[in-house]
Amino acid sequence: MKYYDPQTLAFLLSEVHHLDELLQAERYKAYDKASIDLLLDAVKDFSDTALFPYIQEMDEKPCVFKGGKVIVHEQFGPILKKAGEMGLVAAAMNEEDNGLQMPMLVVNALYFIMEAANNHVTGYLGLTSGAANVILTFGTEELKQKYVPKMLTMEWGGTMCLTEPQAGSSLSDITSLAKPLDNDTFSIKGQKIFISASDHQFSDNFIHLVLARIEGAPAGTKGISLFVVPQYHVNEDGSKGDYNHVDVVGEFVKLGQRGYCTNHLAFGDSGESIGYLIGEANQGLSYMFQLMNEARVATGRMGTGIASAAYYASLQYAKERPQGRKLQSSGKKDPSAEQTLIINHPDVKRMLLHQKAIVEGCLSLILQCSYYLDKHATSIGEEKNKYQQLTEILNPIAKTYPSEAGKNAVDTGLQVLGGYGYMMDFISQQYLRDIRIISIYEGTTGIQSLDLLGRKVTMNNGAALQLLAKEIEITITSALGHEELKNYAVTLGESSKLIQSCLGHLVPFAMQGNHEKYLADATIFMDLFSTVVIGWQWLKIGLATLDQTDEKFKAGKLHALDYFYKYEMSRCKGLQKTICSDSDVTINMNEEMF
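My aim in this report is to walk through the structure given alongside it, one point at a time. (Residues numbered from 1 in each chain as written. Predicted model: local features only at pLDDT ≥ 70, side-chain atom pairs only at ≥ 80, totals over all residues. Heavy atoms only, no water.)

**Quick look at the overall build of the chain**
Next up, step 1: For the chain, the count of helices and strands is 20 helices and 12 strands.
Next up, step 2: By the compact-globule yardstick of 25 Å for 594 residues, the chain fits well, its C-alpha radius of gyration being 25 Å.
Next up, step 3: In terms of overall dimensions, the chain has C-alpha extents of about 85 × 60 × 60 Å along its principal axes.
Next up, step 4: Counting every position in the chain, which comprises 594 residues, the buried fraction comes to 56%.
Next up, step 5: Of the contacts formed within the chain by residues at least 6 apart in sequence, a portion of 74% connects residues at least 24 apart.
Next up, step 6: Surface accessibility of the chain: about 25,200 Å² in total, with carbon and sulfur atoms responsible for 52%.
Next up, step 7: In the chain, which carries 53 positive and 70 negative side-chain charges, the distance between the mean positions of the two groups comes to 6 Å. (Helix = DSSP H or I, 4+ residues; strand = E, 2+ residues; numbered from the N terminus. Rg over C-alpha atoms; globule rule 2.2 N^0.38 Å. Buried < 20%, exposed > 50% of the residue type's maximum accessible area, 1.4 Å probe, protein only. Contact = heavy atoms within 4.5 Å. Areas by Shrake-Rupley, 256 points an atom, 1.4 Å probe, with all protein chains shown as cover. Lys, Arg positive; Asp, Glu negative; His and termini not counted. Charge placed at Lys NZ, Arg CZ, Asp CG, Glu CD.)

So, in structure tokens, the structure goes:
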């Protein structure tokens, strides 16, 4: 069964996001289009044979906690081994760190394929890669040599340990304690919850990155440090040593992604857990943000992959299911005529177009962020700063829009199947359960929205917002020169002005010190801003589509563009009206009124 479209992915990489241009950079001299095509084909083959056939079985036979250990599906054994051999964990790392130094544009394309095939798998790879990258960036040479090599081959897993039972997303309230010992090590004690991929039978060791407070550290986020805490100590020869008393307390039983384990960990309960400080004391959160930002884009990418698979599942059903008869121009139906396939009904086409427009718009956004990461890695001076700021402002959108709109797209996919969409016989219901957590991972939609409006829009006196506006304006100007796209370009320009209108209404409240009023509708602002950004992506897709010679492919893209502007961009005015309303209902509604 199809779960993504290779032609669309190749088109987005080459025609919309200019992979060939990136490959001219010295950093990526080891790659050319032919080698990239081979990588894409290899990962597709891996996904077709080792990932996709097991996605339903991983749901039906989920992770279990037994005898103090987490047991995952047996297929993870060959999957993780093969992924290590293929270099998928080391793909983005520098060559001097035994990485493949691959463009992020390609890395995220490869992971998208795997996530569309089986979204239960890539978290194990991505978290290990991200944790290894933090050690490489901020750790000592000793830490790098001791832990990273076996992480890059997936012999050892890696995690990020932030959340605690009493703190949730409020990291300023974490209480895990780090007591200094005599040998520049620390005794770590505390509880961490919702820790993904932190234990299973196919890894010899787990290297945990743990946020904790050194005794006497300042309160709040300013007193948080970051530690490497291995599940097992490592001997001088690199082999696994004694147990470091990182206990798995239990496995959280989730609504979806049941093959992707999520654990409760206890440090220092059954004995002393030794940790090693990364970088400077009290700077842990700033170090962890590297992994958190990577994970946020990866989460949006995962949501895009799930939505893609759900789209192709409902598309296949719509092309096979006969039901009802086409409505004639007279408004009547001929009961003697043969039933038509449901894909011929306009409302079913609307639902399929909705999924297609969301999936391909989200994928383009993820690749846009990847392009900026690559430009940042290959630029210097002011250009480097430019791409850093563009990455920063798009990061919360890349996490949130595929999570929220992707969830809606998958839900629409169930509707295409009608009653069968609700049945366990079809995979659509699993995709809806799987994607539901994406808007919660790595900071909820509310948290991402506060980040966008409260930090990213205003940082450096709005410099990032201005840079993004210039990028959008370049696309609008180009599209105005094509009759087929002129109306869309005008609409995008008008919708962009709605963002400025909202900020003109909101910023005075912030300047007056009324930050609650300024941020009360941050989630609505995220919806507006994200919709405009995806409208920008669709206009870029439209521009690249004009040169395509495959007429069916071209028509499909232009129709999806038309759909997005008719049904999604038209929402922008209503969102702007809500944001600029004088009503303070969410502020004034007191607890006792509920």
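Additional details are given in the paragraphs that follow.
**Some points on helix α8 (residues 141-152)**
Next up, step 1: For α8, which comprises 12 residues, the first-to-last C-alpha distance of 16 Å matches the rise-based estimate of 16 Å (1.5 Å per residue) to within 8%.
Next up, step 2: Phi turns positive one or two residues past the end of α8, at M154, with a value near 65°. (Expected span 1.5 Å × (residues − 1).)

**What about the pairing of strand β9 (residues 240-243)?**
Next up, step 1: By the bridge criterion, 2 bridges tie strand β8 (residues 232-234) to β9 in an arrangement that is antiparallel. Bridge pairing in β9 links V234 to K240.
Next up, step 2: Linking two consecutive strands that pair antiparallel, namely β8 and β9, is a turn of 5 residues; a positive phi of about 90° is found at G238 within it. (Pairing = 2+ DSSP bridges.)

**Examining a nonpolar patch on the surface**
Next up, step 1: Taken together, the side chains of Y420, Y422 and M423 present a nonpolar region at the surface, about 370 Å² in accessible area.
Next up, step 2: Note on placement: Y420 falls in the loop between α11 (381-417) and α12 (428-435).
Next up, step 3: You can call Y420 partly exposed: its relative accessible area is 42%. (Patch = residues over 30% accessible without salt bridge, like charges linked within 9 Å, V, L, I, M, F, W, Y side chains within 5 Å. Salt bridge = Lys/Arg side-chain N within 4 Å of Asp/Glu carboxyl O.)

**Considering the layout of surface pockets**
Next up, step 1: Empty space within the second largest pocket amounts to approximately 650 Å³.
Next up, step 2: If you list the elements that add at least two residues to the lining of the second largest pocket, you get α1 (6-16), α9 (284-320), α10 (346-377) and α18 (551-568).
Next up, step 3: Split by residue class, the lining of the second largest pocket holds 8 nonpolar, 5 polar and 9 charged. (1 Å grid on protein atoms, 1.4 Å probe; cavity = no way out; pocket = protein on both sides within 12 Å on 5 of 7 lines; lining within 4 Å. Points joined across faces, edges and corners; volume = space filled by probe spheres on them. Nonpolar A, V, L, I, M, F, W, Y, C, P; charged D, E, K, R; others polar.)

**A short note on the pairing of strand β12 (residues 273-277)**
Next up, step 1: In terms of burial, β12 is largely enclosed, as 4 of its 5 residues are buried.
Next up, step 2: Bridge analysis of strand β5 (residues 186-196) against β12 gives 3 bridges, and the strand direction is antiparallel. Pairing of I188 across the sheet is with S273, part of β12.

**Some details on the packing of α11 against helix α14 (residues 463-480)**
Next up, step 1: Where α11 meets α14, the closest approach of the two axes is 9 Å, and the angle between their N-to-C directions is 95°. Compared by their axis directions, α11 and α14 come out roughly perpendicular. Along its contact with α11, which presents K386, Q389, L390, I393 and L394, the element α14 presents A463, A464, L465, L467, L468 and E471.
Next up, step 2: Broken down by class, the residue content of the contact of α11 with α14 amounts to 8 nonpolar, 1 polar and 2 charged. (Axes fitted to C-alpha atoms, helices over the stretch in contact; angles between N-to-C directions. Parallel < 35°, antiparallel > 145°, perpendicular 65-115°, else oblique.)

**Structural notes on the pattern of salt bridges**
Next up, step 1: Applying the stated criterion across every chain, the model contains 26 salt bridges.
Next up, step 2: Its salt-bridge partner being D451, residue K456 comes within 2.9 Å of it at the nearest N-O pair. In this structure, K456 and D451 share a single accessibility class: buried.
Next up, step 3: Salt-bridge contacts for K517 lead to D584; the nearest nitrogen and oxygen are separated by 2.4 Å. Pair noted here: K517 is in helix α16 (residues 515-519) and D584 is in the loop between α19 (572-579) and α20 (585-588), with a separation of 67 residues, a long-range link.
Next up, step 4: Within this structure, E392, D451, R455 and K456 form a network of salt bridges that share partners.

**Some remarks on the side chain of N118**
Next up, step 1: With respect to the helices and strands, the residue N118 is situated in the loop between α6 (104-117) and α7 (122-138).
Next up, step 2: N118 gets classed as buried once you look at its relative accessible area, which sits at 0%.
Next up, step 3: A polar contact of 3.0 Å, which involves the side chain of N118, links it to the backbone nitrogen of H120.
Next up, step 4: Look past the residues within four positions of N118 in its chain and what remains in contact with it is L51, F52, Y54, I55 and M58. (Polar contact = N/O pair within 3.5 Å; in protein donor to acceptor, adjacent residues only side chain to side chain.)

**As for empty space enclosed by the protein**
By rolling a water-sized probe across the atoms, one finds the places where empty space is left.
Next up, step 1: Under the definition given, this model contains 1 cavity of 30 Å³ or more.
Next up, step 2: One number sums up the size of the largest cavity: a volume of about 70 Å³.
Next up, step 3: What lines the largest cavity is Y4, D5, T8, L9, F112, S308, Y311, Y312, V359, E360 and L363.
Next up, step 4: Among the secondary structure elements, those contributing two or more residues to the lining of the largest cavity are α1, α9 and α10.
Next up, step 5: Residues belonging to the lining of the largest cavity are distributed by class as follows: 7 nonpolar, 2 polar and 2 charged.

**A word on the state of the cysteines**
Next up, step 1: Applying the stated criterion across every chain yields a total of 0 disulfides.
Next up, step 2: Considering cysteine sulfurs only, C261 is the nearest to C63, which forms no disulfide, with 5.0 Å between them.
Next up, step 3: A relative accessible area of 9% means that C63 is categorised as buried.
Next up, step 4: The closest cysteine sulfur to the non-disulfide-bonded C572 is located on C502, 9.6 Å from its own sulfur.
Next up, step 5: Owing to a relative accessible area of 1%, C572 belongs among the buried residues under this scheme. (Disulfide = S-S within 2.5 Å.)

**Section: the packing of aromatic side chains**
Next up, step 1: In total, this model carries 21 aromatic pairs according to the counting rule given.
Next up, step 2: Geometrically, the ring pair formed by Y311 and Y312 is tilted, given 4.6 Å between the ring centres and 55° between the ring planes.
Next up, step 3: Taking relative accessible area as the criterion, Y311 reaches 7% and is therefore assigned buried.
Next up, step 4: You can call Y312 buried: its relative accessible area is 9%.
Next up, step 5: Between Y317 and F426, the aromatic rings sit 5.7 Å apart at their centres with planes inclined by 90°, giving edge-to-face as the arrangement. Here the residue Y317 occupies a position in helix α9, and F426 occupies one in the loop between α11 and α12, the gap between them amounting to 109 residues. (Phe/Tyr/Trp six-rings, centres within 6.5 Å; stacked < 30°, edge-to-face > 60°.)

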